[in-house]
Amino acid sequence: MSSTASRTYLDQFPAEAKVIKAAFWSSFMALAIGGLLGLVQALHRTDVLRFIDSADYYTVLTAHGILLAITFTIFFLVGIFTWAVTTSLDRGVVDIRFTWAWYIMMVVGTILVGVSILGGVVDAIPMYADVLFTFYAPLQAHPAFYVGLVLFVVGSWLAGADWFRTWWAWRKENPDERIPLPTFMALTTTLFWYLCTLGVALSILVFLLPWSLGIVDSVNPLLTRTLFWYFGHAVVYFWLMPAYMMWYIMLPKLSGGKLFSDPLARVVFVLFLLLSTPVGIHHQYLDPGIAEGYKFIAMTNTMFLLLPSLLTAFTVVASMEHGARQRGGTGYLGWLKALPWRDPVFTGMALAGLMFAAAGFSGMINAGMNINYLVHNSWWVVGHFHLTVGTAVALTFMAAAYWFIPQVTGKELWSRQLALGQVLVWFVGMTFMSNAMHRAGLFGMPRRTAEPQYQGFNFDPAVGTVGEINAQVALGAVLLTVALAMFLLNMVLTSFNDDSDSLPANTYAGTLSGPEDSPAVLDNLKLWTAIAVVLVIVGYTLPLASIVESGGLFGPDIGGFQLAIETDPALVLESVREVMP
Ligand code: HAS
Ligand code: CU
């Protein structure tokens, strides 16, 4: 890294910096729109402020889910993985046109998806996709929605290919060197991304797209759902791995020290490659048609999958402690005071990590088959994923942006104080919102509904009241929106900032124990991929076979529910009779 000291990423890789900047801005645009829609929903559901029709709630929710969980996260992560690979290999991508090609493909996919969802509320657009981000059949979207998703995913595959090509080119010149840690992280993540997206590609290309085009009459909803979750669990680690990467290679340095152990970090990423995919059935504990035994296997795998996160908690916190002690921190817990709490990049990531500790706890509860029956499809789950993807990932990304945007634009961050305030407001807002959501779920308040209150039924919270819980959710949502506005304002003003005097150099943390302390087999990507494939075959062959056997490859004769959601009961009944006479 010494040759690159005091140079920004823009100085080193001007061409790549442009693509990364474009990817970040695509990500921020999705964040802005998706975030605003989140506020609309939260206020509607809690009955604090209603200005949309309840029927339109599902259009809003679909856009919120896709824009934040898919667009915001993935555009940001392709940006940081491109940064990670080029920085740690100290070489540019092989062909920058290829890099632009995958970025543009992802943009086109996003536009198709976005426009088809917008069709749910704009009559002039003859499309529809009120199918939520899980697009379960028999809810059916316009073909453009599925085509858009495919383009987006293929774009991300090409991005992965780009990182691999860059690494292969580097390896030719450095045949005996270990893969630098950031590249190792990007490559292992890409490998499980390839593995898991096969499921969703199959589901869309063979079943849902032909079905929405009218080429096949029906699908097997349990089959497409299972293929979705085959992808749908692993995707959460696709979001998480870039955040973990930041915690491993940025947090130790920001704390003033070094990463505790490079080998342990490698083990963690290998474990994610092995175990991310064969666990998706833990989202289907309540699905009829999958035998309990298969669910039990998924649960067991899920419990093993806690291990890499627990290892991460240990390694990252140990590295932070090391850094704090270098800065003069002492005592059992006193070292915490020596951490750089005035640095928004550090504080954002540390708070994100802290919240993820709570998120992991609710994840373990979700993962227990029996206790899942209590929380499934309730607001609890929404609380869980606003701590995971909505904070561990989103807050880490926002904090990282305070470092990255100056790196790729050569402009100083407009305001560090605003940034510090922003990460704190996000943390406080999310504390209110997610805690109240978890509690609401415990007494059965459902998720994904504009009208949570059933007629003639009163929810009975053990502590507090429904009104108080709703108020906390609404307050949290408002604070999160304020934090979002603070973030975007800072990003926009940074882009117009003319100062570039004190930009930090493009570096990342060194290690106390480097790769030479670990066996070379850890870098054998072919071996780990082969084992991951075997685990998938073991975990999924029998359940898929039995789903096809009992429900048919193209299902029983169930048609689709098209167009926007209908809330008039008479019309709903009529459409149900149409598809199930
Ligand atoms: Fe989850 C549902 C189980 C992690 C996202 N999850 C969801 C859904 C989403 C989601 C979006 O088993 C809803 C999907 C839908 O729409 O239906 N989840 C888990 C488990 C984990 C887990 C076991 N989830 C995530 C992550 C996500 C995510 C990560 C996104 C990024 N989840 C489930 C289950 C369901 C589920 C069931 C289905 C529920 C249902 O019924 O529908 C684990 O990976 C969690 C492991 C985490 C830990 C925590 C380790 C702590 C660390 C913090 C270190 C601290 C630091 C800071 C660095 C064991 C690493 C220190 C600071 C200082 C100041 C010192
Ligand atoms: Cu999961």
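Residues numbered from 1 in each chain as written. Chains lettered and ligands numbered in written order. Predicted model: local features only at pLDDT ≥ 70, side-chain atom pairs only at ≥ 80, totals over all residues. Heavy atoms only, no water.

## Observations concerning the overall build of the protein
Threshold: For the purposes of this entry, the term helix denotes a DSSP run of H or I that reaches at least four residues, the term strand denotes a run of E that reaches at least two, and both are numbered from the N terminus. Relative accessible area decides the class of each residue, using a 1.4 Å probe on protein chains only: under 20% of the type maximum gives buried, over 50% gives exposed, and in between gives partly exposed. Every residue pair with non-hydrogen atoms within 4.5 Å of one another is taken to be in contact. All accessibility values rest on the Shrake-Rupley procedure with a 1.4 Å probe; residue burial counts only the protein chains present in the view. His residues and chain termini do not enter the charge count, which takes Lys and Arg as positive and Asp and Glu as negative. Taken as the charge centre is NZ of Lys, CZ of Arg, CG of Asp or CD of Glu, depending on the residue.
Broken down by element type, the protein carries 18 helices and zero strands. Per-residue burial for the protein yields a buried fraction of 59% across its 581 residues. Pairs at least 24 residues apart make up 83% of the contacts formed inside the protein by residues separated by at least 6 positions. Accessible surface for the protein amounts to roughly 23100 Å². Of this, 67% is attributable to carbon and sulfur atoms. Put simply, the protein has 27 plus and 35 minus side-chain charges, and the middle of one group is 9 Å from the middle of the other.

## A word on the site of ligand 1
Heads up, the condition is: Only heavy atoms are used to decide nearness, and a residue is near a molecule or strand if one of them lies within 4 Å of it. Whenever two N or O atoms come within 3.5 Å, that pair is a polar contact, provided that in protein one can donate a hydrogen and the other can accept it, and provided that, for residues adjacent in sequence, both atoms are side-chain atoms. Only Asp, Glu, Lys and Arg are considered charged, only Ala, Val, Leu, Ile, Met, Phe, Trp, Tyr, Cys and Pro nonpolar, and every remaining residue, Gly among them, polar.
The environment of ligand 1 is formed by 39 residues, the closest being Y237, N372, H376, H384 and R447. Between ligand 1 and N366, the relevant distance is 3.5 Å, taken from an oxygen atom to a main-chain nitrogen or oxygen of the residue. Within the backbone of A367, a nitrogen or oxygen atom sits 3.2 Å from an oxygen atom of ligand 1. Of all the secondary-structure elements, those providing two or more residues to the shell around ligand 1 are helix 8 (234-249), helix 11 (292-326), helix 12 (344-367) and helix 14 (379-409). Looking at which element gives the most residues to the shell around ligand 1, the answer is helix 12, with 10 residues. Split by residue class, the shell around ligand 1 holds 26 nonpolar, 12 polar and one charged.

## Here's the deal with the coordination of the copper ion (ligand 2)
The following threshold applies: Atoms are scored as donors when they are N, O or S and lie within 2.8 Å of the metal, with 3.2 Å used for Na, K and Ca; no water is included, so coordination may look incomplete.
Protein-derived coordination of the copper ion (ligand 2) comes from H233 (ND1), H282 (NE2) and H283 (NE2), at a distance range of 1.9 to 2.0 Å. Positions of the donor residues of the copper ion (ligand 2) along the chain correspond to the pattern H-x48-H-H. For the pair the copper ion (ligand 2) and the iron atom of ligand 1, the metal-to-metal distance amounts to 4.4 Å. H282 sits in the buried class, given a relative accessible area of 10%.

## Focus: the pattern of salt bridges
Put simply, the rule is: In what follows, salt bridge is the name for a side-chain nitrogen of Lys or Arg lying within 4 Å of a carboxyl oxygen of Asp or Glu.
Within this structure, the stated rule accounts for 11 salt bridges. Close ionic contact of R50 with E451 constitutes a salt bridge, the shortest N to O distance being 3.2 Å. Of this pair, R50 sits in the loop between helix 2 (14-45) and helix 3 (57-89) while E451 is found in the loop between helix 15 (416-442) and helix 16 (466-495), placing the two residues 401 residues apart along the sequence. Under the relative-accessibility criterion, R50 is labelled partly exposed at 33%. A salt bridge links E173 to R91; the nearest nitrogen and oxygen atoms lie 3.0 Å apart. In this pair, E173 is assigned in helix 5 (residues 143-173) and R91 in the loop between helix 3 and helix 4 (96-118), connecting sequence segments 82 residues apart.

## Thoughts on helix 6 (residues 181-212)
Side chains of residues three or four places apart in an α-helix project in the same direction, reflecting 3.6 residues per turn. Just so we agree on the cut-off: An expected span of 1.5 Å times one less than the residue number is assigned to each helix. Fitting axes to the seven residues ending at a residue and to the seven starting there, one defines the bend at that residue as the angle between these axes.
An ideal rise of 1.5 Å per residue puts 46 Å on 32 residues; helix 6 measures up with 43 Å between its terminal C-alpha atoms. Helix geometry: helix 6 is bent most strongly at I204, by close to 40 degrees. Immediately downstream of helix 6, the backbone of G214 shows phi near 85 degrees, a positive value.

## Concerning the UniProt feature "domain: Cytochrome oxidase subunit I profile" (unreviewed entry) in the protein
Formally: UniProt positions are given in the numbering used here, feature names are shortened, and annotations may be inferred rather than shown by experiment.
Within this numbering scheme, the UniProt entry marks residues 27-515 as carrying the feature "domain: Cytochrome oxidase subunit I profile" (unreviewed entry). Strand forms 0% of residues 27-515 and helix 69%; the C-alpha atoms that close the span are 33 Å apart.

## Looking at the packing of helix 3 against helix 8
Note the threshold: Lines fitted to C-alpha atoms define the axes here, with helix axes fitted over just the stretch in contact, and angles between the N-to-C directions of these axes take values from 0 to 180 degrees. An angle below 35 degrees is read as roughly parallel, one above 145 as roughly antiparallel, one from 65 to 115 as roughly perpendicular, and any other as oblique. Less than a right angle of anticlockwise turn of the near helix away from the far helix marks a crossing as left-handed, whereas a clockwise turn marks it as right-handed.
At a closest axis distance of 9 Å, the pairing of helix 3 and helix 8 adopts a crossing angle of 40 degrees. As the angle between them shows, helix 3 and helix 8 are arranged oblique. Crossing of helix 3 against helix 8: the hand is left-handed. Contacts between helix 3 and helix 8 involve A69, I70, T73, I74, L77, I80, F81, W83 and A84 from the former and F238, W239, P242, M245, M246 and I249 from the latter. Broken down by class, the residue content of the contact of helix 3 with helix 8 amounts to 14 nonpolar, one polar and no charged.

## Details of helix 17 (residues 525-551)
The first and last C-alpha atoms of helix 17 sit 37 Å apart over 27 residues, in line with the 39 Å expected at 1.5 Å per residue. Of all the bends in helix 17, the greatest reaches close to 40 degrees and is centred on Y540; the proline P543 follows between one and four positions later. Listed in full, the buried residues belonging to helix 17 are L525, W528, A532, V536, G539, Y540, P543 and I547. Turning to helix 17, the residues buried within the fold contact helix 5, helix 6, helix 7 (221-232), helix 10 (262-275) and helix 11.

## Digging into the coordination of the iron atom of ligand 1
No other protein atom reaches the iron atom of ligand 1 as a donor apart from H384 (NE2), found 2.2 Å away. Mapped onto the secondary structure, H384 falls in helix 14.

## Examining the packing of helix 8 against helix 10
Any two packed helices are characterised by how steeply their axes cross, that is the angle between the axes, and by the distance between the axes. Where helix 8 contacts helix 10, the two axes come as close as 12 Å, and the packing angle between them is 180 degrees. It follows from the interaxial angle that helix 8 and helix 10 lie roughly antiparallel. Counting all contacts with helix 8, which are made through Y237, M241, Y244, M245 and Y248, the residues of helix 10 involved are A265, V268, F269 and F272. Here the residues of the contact of helix 8 with helix 10 are counted per class, giving nine nonpolar, no polar and no charged.

## So, the side chain of T71
Its location among the elements puts T71 in helix 3. Residue classification places T71 among the buried positions, given a relative accessible area of 5%. Not counting residues within four places of it along the chain, the set of residues in contact with T71 comprises A30, I66, T110 and F152.

## What about the nonpolar core?
Keep this limit in mind: By nonpolar core is meant a set of buried Ala, Val, Leu, Ile, Met, Phe, Trp, Tyr and Cys residues that side-chain atoms within 4.5 Å join together.
Core analysis: the largest hydrophobic core is formed by 176 residues, its most contacted members being I74, W83, F135, F145, M246, W247 and Y248. Looking at this core, the element that brings in the most residues is helix 3, giving 19 residues. Discounting residues that sit within four places of it in the chain, Y248 has contacts with M185, L259, A265, V268, F269, L311, T312, T315, V316 and A509. Y57, Y58, L61 and L132 belong to the second largest nonpolar core, which has five residues in total.

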